[in-house]
Amino acid sequence: MANRQVETEFEKRRGVNKVEMRGNFAQINVYGLTPPVSRSRLSVLDRVAACGVSIDFLKLTSDGLGFCVDQKQVEVLRPALQDFGANVTYLEDRSVVLVHAVNMRDEEGLIARIVSSVLTTGATIDHMGDMHDRLLIVLESKSAENVARVLKATLVGSPI
Amino acid sequence: MKSLVMKFGGTSVSSNEARLRACLRVISAKEKGYCPVVVVSAIGRKGQPYATDTLIGMMREIDPAVAPDPRELDLMLACGEILSAVIFAHTLKTLGHAAMAFRGGQAGIRTDGVYGNARIVSIQPTSILRAINDGSIPVICGFQGVYVGTDRAPGAELTTLGRGGSDTTAAAIGAAIDAESVEIYTDVDGVKTADPDYVNNAPTLRVVSYDEVAEIAHLGAKVLHPRAAEIAMKFDIPLWVKNTFSDDPGTKVVKSDEFPGRRMTGVTHSGKLIYLQFDLSGIEASLRSELRGYIYEILYTNGLNLFMTNLSPQGIGFAIPRSQLTRFQELFDGLVAFLDDHIALFSIGAVPSAGVVAQQKLLARSKPCANVQIDMTENCSMVSIIGHEMMQEAGLFVRVLRMLDEAQIPVLQTSDSELSLSCLVPESETERAVHLLHSAFAPQAVE
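Sequence order sets the numbering: in each chain, residues are counted from 1 along the sequence as written. For naming, the first written chain is A and the first written ligand is 1, with later ones following in the order written. Reporting in this predicted model follows two pLDDT cut-offs: at least 70 for local features of residues, and 80 or more for side-chain atom pairs to be given and counted; totals over whole chains, interfaces and linings ignore these cut-offs and use all residues. The side-chain numbers reported here are obtained from all heavy atoms of the structure, hydrogens and water having been left aside.

J.: Could you clarify how one ought to interpret the overall build of chain B in this entry?
T.: By definition, any uninterrupted DSSP run of H or I lasting at least four residues is a helix, any uninterrupted run of E lasting at least two residues is a strand, and each is numbered from the N terminus. Within chain B, the secondary structure is distributed over 12 helices and 20 strands. When we talk radius of gyration, it's over C-alpha atoms, and the globule rule is simply 2.2 Å times the number of residues to the 0.38. A globule of 447 residues ought to have a C-alpha radius of gyration of about 22 Å, and chain B, at 25 Å, matches this closely. Taken along the three principal axes of its C-alpha coordinates, chain B extends 80 × 55 × 35 Å. Note on exposure labels: buried denotes an accessible area under 20% of the residue type's maximum, exposed denotes more than 50%, and partly exposed covers the range between, all computed with a 1.4 Å probe on protein chains only. For chain B, the proportion of its 447 residues judged to be buried stands at 56%. The contact criterion used is simple: two residues touch if any of their non-hydrogen atoms lie within 4.5 Å. Contacts in chain B between residues at least 24 apart in sequence constitute 72% of all its contacts with a sequence separation of at least 6. The protein chains shown are the only cover counted for residues, whose accessible areas, like all others here, come from Shrake-Rupley with a 1.4 Å probe. Accessible surface computed for chain B: about 18000 Å², of which carbon and sulfur atoms make up 51%. The sign given to each residue is positive for Lys and Arg and negative for Asp and Glu; His and the chain ends receive no count. To locate a charge, take NZ of a lysine, CZ of an arginine, CG of an aspartate or CD of a glutamate. Averaged over its 39 positive side-chain charges, chain B has a centre that lies 5 Å from the centre of its 50 negative ones.

J.: Could you clarify how one ought to interpret the environment of Glu92(A) in this entry?
T.: Residue and element names in this part refer to chain A. Inspection of the secondary structure assignment puts Glu92 in strand β4 (residues 87-101). When the C-alpha positions of Glu92 and Asn17 are compared, they lie 29 Å apart, and in sequence the two are 75 residues distant. Non-local contacts of Glu92, meaning those with residues more than four positions away in its chain, are made with Phe25, Ala26, Gln71, Val74, Glu75 and Arg78. By the criterion applied in these results, polar contacts are pairs of N or O atoms within 3.5 Å in which, for protein atoms, one can donate a hydrogen and the other can accept it, and in which residues neighboring in sequence qualify only through two side-chain atoms. Side-chain polar atoms of Glu92 contact the side chain of Arg78, separated by 2.7 Å.

J.: Please clarify how the sheet that holds strand β6 (residues 137-141) of chain B should be interpreted in this entry.
T.: In sheet architecture, strand pairing relies on hydrogen bonds along the backbone and comes in two forms, parallel and antiparallel. All names here are of chain B. Two strands are said to pair when DSSP picks up at least two bridges between them. Read from one edge of the open sheet, eight strands run β3-β6-β2-β1-β9-β11-β12-β10, paired in mixed fashion. Strands with a single pairing partner mark the edges of an open sheet, and in this sheet they are β3 (99-102) and β10 (207-209). Within the sheet, the average angular offset between the axes of one strand and its neighbour, ignoring direction, is 20°. Bridging between strand β9 (residues 181-186) and strand β11 (residues 239-243) involves five bridges; their strand directions are parallel. Between N-to-C directions, angles cover 0 to 180 degrees, with each direction set by a line fitted to C-alpha atoms, over the stretch in contact for helices.

J.: Just to check I follow, could you spell out the interface of chain A and chain B for this structure?
T.: By convention, interface size is frequently given as the accessible area that disappears when the constituent parts associate. Facing 54 residues of chain A, the contacting portion of chain B comprises 67 residues. Note on definitions: buried area is the accessible-area loss of two parts on being combined, 1.4 Å probe, summed for both. Between chain A and chain B, a total of about 5400 Å² is buried, with carbon and sulfur atoms accounting for 51% of that surface. Only one rule defines a salt bridge in this text: a Lys or Arg side-chain nitrogen within 4 Å of an Asp or Glu carboxyl oxygen. The interface formed by chain A and chain B holds seven salt bridges in total. Close ionic contact of Arg14(A) with Asp112(B) constitutes a salt bridge, the shortest N to O distance being 3.2 Å. Scanning the region where chain A abuts chain B turns up 22 residue pairs in polar contact (both at pLDDT 80 or more). Of all the elements in the fold, those that place two or more residues in the side of chain A that touches chain B are α1 (37-50), β2 (56-61), α3 (110-120), β5 (125-130) and β6 (134-140) of chain A.

J.: Honestly, the pairing of strand β2 (residues 35-40) of chain B in this entry has me stumped. Any pointers?
T.: Across a regular strand the side chains alternate sides, sitting on one face of the sheet and then on the other. Residues and elements named next belong to chain B. Burial runs high along β2: six of the six residues are buried. By the alternation rule, side chains of β2 split into Cys35, Val37 and Val39 and Pro36, Val38 and Val40, which are all buried. Relative to β2, strand β1 (residues 3-8) is paired through six bridges, and the arrangement is parallel. What sits directly across from Lys7, in β2, is Val39.

J.: Would you take a moment to explain the packing of helix α6 (residues 210-218) of chain B against helix α7 (residues 226-235) of chain B for this structure?
T.: Two quantities define a packed helix pair, namely the angle between the helix axes and the distance between the axes. Residue and element names in this part refer to chain B. For the pair α6 and α7, interaxial distance at closest approach is 8 Å and the crossing angle is 165°. As judged from the angle between their axes, α6 and α7 are roughly antiparallel. The interaxial crossing formed by α6 with α7 has left-handed handedness. Two secondary-structure elements touch here, α6 through Tyr210, Asp211, Val213, Ala214, Ala217 and His218 and α7 through Pro226, Ala229, Glu230, Ala232 and Met233. When the residues that make up the contact of α6 with α7 are grouped by side-chain class, the tally is eight nonpolar, one polar and two charged. Roughly parallel means an angle under 35 degrees; roughly antiparallel means over 145; roughly perpendicular covers 65 to 115; every other angle is labelled oblique. For a crossing to be left-handed, the near helix must be turned anticlockwise from the far one by less than a right angle; the clockwise case is right-handed. Three classes are used: nonpolar for Ala, Val, Leu, Ile, Met, Phe, Trp, Tyr, Cys and Pro, charged for Asp, Glu, Lys and Arg, and polar for all others, with Gly counted as polar.

J.: I keep staring at the environment of Ser14(B) and nothing clicks. Help me out?
T.: Residue and element names in this part refer to chain B. With respect to the helices and strands, the residue Ser14 is situated in the loop between β1 and α1 (16-31). With relative accessibility at 23%, the residue Ser14 sits in the partly exposed group. Placed 303 residues apart in sequence, Ser14 and Gly317 show a C-alpha to C-alpha distance of 42 Å. When neighbours within four sequence positions are excluded, Ser14 is seen to be in contact with Ile43, Gly44 and Gln48. A distance of 3.0 Å separates a polar atom in the side chain of Ser14 from the backbone oxygen of Thr11.

J.: Just to check I follow, could you spell out the pairing of strand β18 (residues 369-387) of chain B for this structure?
T.: Residues and elements named next belong to chain B. As judged from the 12 bridges shared by strand β13 (residues 264-279) and β18, these two strands associate in the antiparallel manner. If you follow Gly266 over to β18, its bridge partner there is Ile386. Alignment of β18 against strand β20 (residues 420-426), held across seven bridges, turns out to be antiparallel. By the bridge assignment for β20, Ser381 is matched with Val425.

J.: Explain the pattern of salt bridges to me, please; I cannot follow it from the model alone.
T.: Where charged atoms from two side chains of opposite charge come close, those side chains can pair. Under the definition given, this model contains 25 salt bridges over all chains. Between Glu92(A) and Arg78(A) there is a salt bridge, and its shortest N-O distance comes to 2.7 Å. Within this pair, whereas Glu92(A) is found in strand β4, its partner Arg78(A) is found in helix α2 (residues 74-81), the two being separated by 14 residues in sequence. Measuring nitrogen to oxygen at the nearest pair gives 3.2 Å for the salt bridge that ties Asp133(A) to Arg134(A). Salt bridges linked by common partners bring Glu11(A), Arg119(B) and Arg227(B) together as one network.

Structure, rendered in C-alpha cells:
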C-alpha cells in the first residue's frame, strides 16, 4: 500500500479547461412548419433518417427545428427536404467550437459567460448545445478559429 | 497489505440495525485479509435528525429570506458526517475491532476554497496509513475537507464537497492509498436502468463503464456521484456499487475498453427546471446580436445556470433551475436595454406585469420601444436515455420523439452527446416518459 498521491491534483479544476474546434459541419434550419409542429418535425426527421444521415445538436424552435450534419451529407439531404412546404436553410462550411468545463451546468453563470465571450468577438453563433461537461457552438468556419483562440486566451484556467 | 475503501451512504447508517450490517461487512472484509478504510455519510435522509437536509433546514428556517453564510453552513453540515463517523467507529469497537474516526481534514483531504462545492486538490493520507499500520480501521467523514488559504491564518477552513460528496471522498481516498477497489454501499442493488422509484422492476446493470456511469449520474441518477466515477477513472481504481442490505453482487464500474459491448444503458430523469424562451422577432435583425450579448452578459454576471441552451434567428432559449427563478424574474421582468436609437423592454409571460406596463408608458415618450417577450414554462424535467456507441445511430432521435409524441408528452427542447439524448418535458409527465423510454430501450441494457 503506497502513499502515491501526495499533493497530486485529484479533480479537474473548475472552469474552462480546454477549447477545441472541429470542422466540416453544416447547419440546417427548418422553419415555417405547418401545425401541428411536433408532427411536422417528425416528418422532417423521418426524411433525414431515411437518408441514413446522423444528426447532432438537434434543437427545437417554435415553428421548426435545427441540427448539424457532416458537411458531406448536405447533398444527400437536399432532395429529401425539398418540396416539403417549409423553409430550409443550409449553412455550409461550419465548425463547432467545443468548450470543456467540468460540471458546467452547475457552475453559476459559466455557460452564459462563454456565450457572452463569443458574442464579444463579433462572431455570429448559428447554433448551440450544451452537455454537462462541454458547450458546443456552431459558427462559420472562418470565424471559428478566432473564437477558439480568444476563448483559450481568456477562459482556460481563468477563475470563475 | 491490500486495502479496500468501503463507503456507506445515509440509509446504510440510518439506524443501529443498519449500521450493524454495515459494520459486519467491514469486519468481513478485514477477515478476508483486507485493510478496510470506511467512509461514511451523515445519518439518514431528510427528516431524520442528523441528515444533511435536516441540518440545512435548521439554518434556513431561522429566516427563509436570509441565506445562510456558506462558510457557517459548511461548519454546520460537517457535523452530520462527524457524528456518523464517531458512532460508526464506536460500533466497530463494541464489536471488538479497533477503529478511529477522522474528519476530512484529519484524513489529509485538502480542497479549494469554495464553500459548499469544494473540489479536492490533494490528499496526504499519513494519518490514515498510520492508523492502518496500528491495526485500526479508519472511519472517515465523507463530504468534507479543509482549505488552507494563502493568508497564513491559523487553522484550516472546513469545506464541504457538495451533493454526493461522500462518494467523491471514497474514490479520492481510494486513489490516495492505492486501494485495491472502492465499494459504494447504498440501499439498492447497484446501478439500475432507471430510477427504481419510477420503474420498480428496473434491472441492475452488472457492468458499466466509468463514462456511462458519470453520464448517468450527471443526468440525474443518484446512485453514484459523477465526481467519484471521474476520480476512479483517472486513477484506474475498480469501483463497485453494492447494497448494504442484500448479497446481490452489485455493479462493477470498468474502463471503456473493458466495456461489454452493450448498447443502451438506461433512462434517467432530473427535475425542477424552468424553460425560458426569449422572442426577439420584434427587434430589428441588425440589433439582435447586440441584444443577445446583453442578455448573456446579465445571465453571466448574475450567476444563472443554463441548461439546454439554444439559439435561432428569432430568439434564444434555455432552462434554469427552479431555485434561480426569483433571481431571473427580478433581473428580466421590466428590464430595459438601449440599442442605438431603439429601446428593448423585456417582459415575462404573455400578460405584462404592472411594472412592465408602467415602464412601457414611460418609455413610449422617448425612443421607439420594442417588446421582448419571455415565455416561461414552469415545472419541467429532463428525461434522458444513455447508451454506448448508440447515439450516432440515424433515426434514434426521431424514434424517441415519436414515442413521446404518440403518448402526447410534449417535448420542449432536446440536447444530445456521444452518450446521451435528453428531452425537456413537463414535470408532470416525467414518470410516464421514463416508463415509456425504459420499456422501449432498457431491455438492451442487461446482458
